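Each chain, letter by letter, is given below.
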Amino acid sequence: MKKNTILILAVMTALNLNAHEYSSARPDSHAPINVMGDHTHNAGEWMVSYRYSYMEMNGLMNGDSSVPSSAVHNDSTFSAGAGMRKAPTKMDMHMQMLGIMHAPTDEWTLMLMLMHHEKSMDSVNNADAVTSSESEGWGDVRFSGMRKFYETEDAKAHFTIGLSLPTGAIDEKNAAGTRTLGYPMQLGSGTFDLLPGVTYLKQAETWSWGAQAHGTIRLGDNDHDYTLGNRLDTHLWTQKPMNDHLSLGARLHSAVWGNVDGQDNTTNMRSMMPGGREDMQGGFVTCLGLGANYTLGNGHRLAFEFVKPLYQNYDGYQMERDWTLTLGWQYAW
Ligand SMILES: [Cu+2]
């Protein structure tokens, strides 16, 4: 054989080895379970999903340092002459999410998401008396459309544009029904929120990775005359299939969100507790998620992810995030 022919054959072989066709059947073709709107579907496909997520928060932070409850009780900078009466000590959040996806065409995938929240928070006053507050109910409903704009043999990308409807309550009250709970205990934003995003997915023969940036832009004021802060979430993940069914994954998630604009006009808790202050709601968190995706091969998928914060920094006194566990089931046909 001529040298040229050998060279061409060698190049073709190398190309062939690298060529990998994107497989939606692989367990790692879906992102780690805490990434929403990570994938698109082919025309005519449907998918339903259920997620359960539990988050635990423990203790207080100010900026990026842990502080004791007494810091809140003694901090006189926020109310004239005295600190705030109540400091949160512990918060649990159970969230359930129901999702439906459908692709009317190969370019567009539509998604509807319903959320249900159960929150409970303990606070301590300066006499060491603990009180609990609870809220429970449906959150904001989200409609999204995902439009594929880039596709090669082993990579794809899509834009997301979504709208969150103000279906979640913003008037959850204390047990006595005498006052509205703080901002973190409410179930919705009370505003229509725009949800733009962009997602990139790359699948190699033996591993895959993906990235997503996702915004939450609040439109206008809610019925209580305030607006929650805008928010930006970014996810970077990599996953490795162990066999046809199981993949293991790691995800880096960063989120930054602003303070509340305006002030809840139904109650004034600015001098009572940090959760009632519009200037103590913003923050920045970077977390590491470790989890697994499992596909049963008949359309059903199971997944879990355990998330631990690596760094957190808050405006004023806010609860420290401890850990989150998410379990998910998905069924596509
Ligand atoms: Cu789907």
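Everything discussed here concerns the structure shown above.
Reference entry: report on the structure contained in this document.

The rules behind each value
Residues numbered from 1 in each chain as written. Predicted model: local features only at pLDDT ≥ 70, side-chain atom pairs only at ≥ 80, totals over all residues. Heavy atoms only, no water. Helix = DSSP H or I, 4+ residues; strand = E, 2+ residues; numbered from the N terminus. Buried < 20%, exposed > 50% of the residue type's maximum accessible area, 1.4 Å probe, protein only. Contact = heavy atoms within 4.5 Å. Areas by Shrake-Rupley, 256 points an atom, 1.4 Å probe, with all protein chains shown as cover. Lys, Arg positive; Asp, Glu negative; His and termini not counted. Charge placed at Lys NZ, Arg CZ, Asp CG, Glu CD. Phe/Tyr/Trp six-rings, centres within 6.5 Å; stacked < 30°, edge-to-face > 60°. Donors = N, O, S within 2.8 Å, 3.2 Å for Na, K, Ca; no water. Tetrahedral: all angles 85-135°; square planar, octahedral: opposite > 155°, others 65-115°. Patch = residues over 30% accessible without salt bridge, like charges linked within 9 Å, V, L, I, M, F, W, Y side chains within 5 Å. Salt bridge = Lys/Arg side-chain N within 4 Å of Asp/Glu carboxyl O. Polar contact = N/O pair within 3.5 Å; in protein donor to acceptor, adjacent residues only side chain to side chain. Pairing = 2+ DSSP bridges.

## Points about the overall build of the protein chain
Part 1: The secondary structure content of the protein chain amounts to 2 helices and 15 strands.
Part 2: In terms of overall dimensions, the protein chain has C-alpha extents of about 90 × 40 × 30 Å along its principal axes.
Part 3: The buried share among the 333 residues of the protein chain stands at 47%.
Part 4: Within the protein chain, counting contacts between residues at least 6 apart in sequence, those at least 24 apart form 67% of the total.
Part 5: A total of about 15900 Å² of accessible surface is found on the protein chain, and carbon and sulfur atoms cover 59% of it.
Part 6: Computed over 24 positive and 36 negative side-chain charges, the separation of the two mean positions in the protein chain equals 6 Å.

## Structural notes on the packing of aromatic side chains
Part 1: Taken as a whole and assessed by the stated rule, the structure comprises 11 aromatic pairs.
Part 2: On the basis of an interplanar angle of 20° and a centroid distance of 4.1 Å, the ring pair of F149 and F159 is categorised as stacked. Of this pair, F149 sits in strand β6 (residues 141–151) while F159 is found in strand β7 (residues 155–165), placing the two residues 10 residues apart along the sequence.
Part 3: Using a relative accessible area of 44% as the deciding quantity, one classes F159 as partly exposed.
Part 4: The rings of W46, W329, Y331 and W333 are connected pair by pair, giving a single aromatic cluster.

## Regarding the coordination of the copper ion
Part 1: For the copper ion, the full set of protein donor atoms is H39 (NE2), H41 (NE2), M47 (SD) and M101 (SD), at a range of 2.0 to 2.4 Å.
Part 2: Here the copper ion is ringed by 4 donor atoms whose angles at the metal span 104 to 118°, and the overall shape comes out tetrahedral.
Part 3: Read N to C, the donor residues that coordinate the copper ion are spaced as H-x1-H-x5-M-x53-M. Placement of the pair is M47 in strand β1 (residues 46–63) and M101 in strand β3 (residues 86–102), with a sequence separation of 54 residues. By the burial criterion, M47 is buried, and M101 matches it.

## Thoughts on a negative patch on the surface
Part 1: On the surface, D171, D221, D223, D225 and D261 cluster together into a negatively charged patch.
Part 2: Within the secondary structure, D171 sits in the loop between β7 and β8 (192–203).

## A few points about the side chain of N34
Part 1: Counting through the fold element by element, N34 comes out in the loop between α1 (3–18) and β1.
Part 2: A polar atom in the side chain of N34 sits 2.9 Å from the side chain of T326.
Part 3: Setting aside residues no more than four positions away along its own chain, N34 makes contact with S53, H235, R251, E305, V307 and T326.

## A short note on the pattern of salt bridges
Part 1: The full count for this structure, using the stated rule, is 9 salt bridges.
Part 2: In this structure, D28 engages R26 in a salt bridge whose closest nitrogen and oxygen atoms are separated by 2.8 Å.
Part 3: A relative accessible area of 4% places D28 in the buried class.
Part 4: Accessibility expressed as a relative area gives 12% for R26, which makes it buried.
Part 5: Ionic pairing is found between K148 and E151, a salt bridge with its closest N-O pair at 3.5 Å.
Part 6: Judged by its relative accessible area of 10%, K148 falls in the buried class.

## Topic: the pairing of β6
Part 1: Relative to β6, strand β4 (residues 108–125) runs antiparallel, the two sharing 6 bridges. Residue pairing in the sheet places W108 in a bridge with R147 of β6.
Part 2: One ladder, built from 10 bridges, connects β6 with β7; its direction is antiparallel. Its bridge partner being in β7, V141 is matched across the sheet by L165.
Part 3: Counting the residues in the hairpin turn of β6 and β7 gives 3 residues.

## Notes on the pairing of strand β5 (residues 130–138)
Part 1: Alignment of β4 against β5, held across 9 bridges, turns out to be antiparallel. When the sheet's bridge partners are listed, S120 is paired in β5 with E134.
Part 2: Between the end of β4 and the start of β5, which pair antiparallel, lie 4 residues, with D128 showing a positive phi angle near 70°.

## Comments concerning the environment of E45
Part 1: Inspection of the secondary structure assignment puts E45 in the loop between α1 and β1.
Part 2: Given the relative accessible area of 27%, E45 is considered partly exposed.
Part 3: Here the alpha-carbon distance between E45 and L327, two residues 282 residues apart in the chain, equals 23 Å.
Part 4: With residues near it in sequence (within four places) discarded, E45 still touches M101, H102, A103 and W333.

## Examining a nonpolar patch on the surface
Part 1: On the surface, a nonpolar cluster with roughly 950 Å² of combined accessible area is contributed by W207, W209, L232, L236, L252, V256, F284, L288, L290, L310 and Y311.
Part 2: Counting only elements with at least two residues in the nonpolar patch, the list comes to β11 (231–241), β12 (246–257), β14 (283–295) and β15 (300–332).
Part 3: Considering every element that reaches the nonpolar patch, the biggest residue donor is β14, with 3 residues.
Part 4: As for its placement among the helices and strands, L232 is situated in strand β11.

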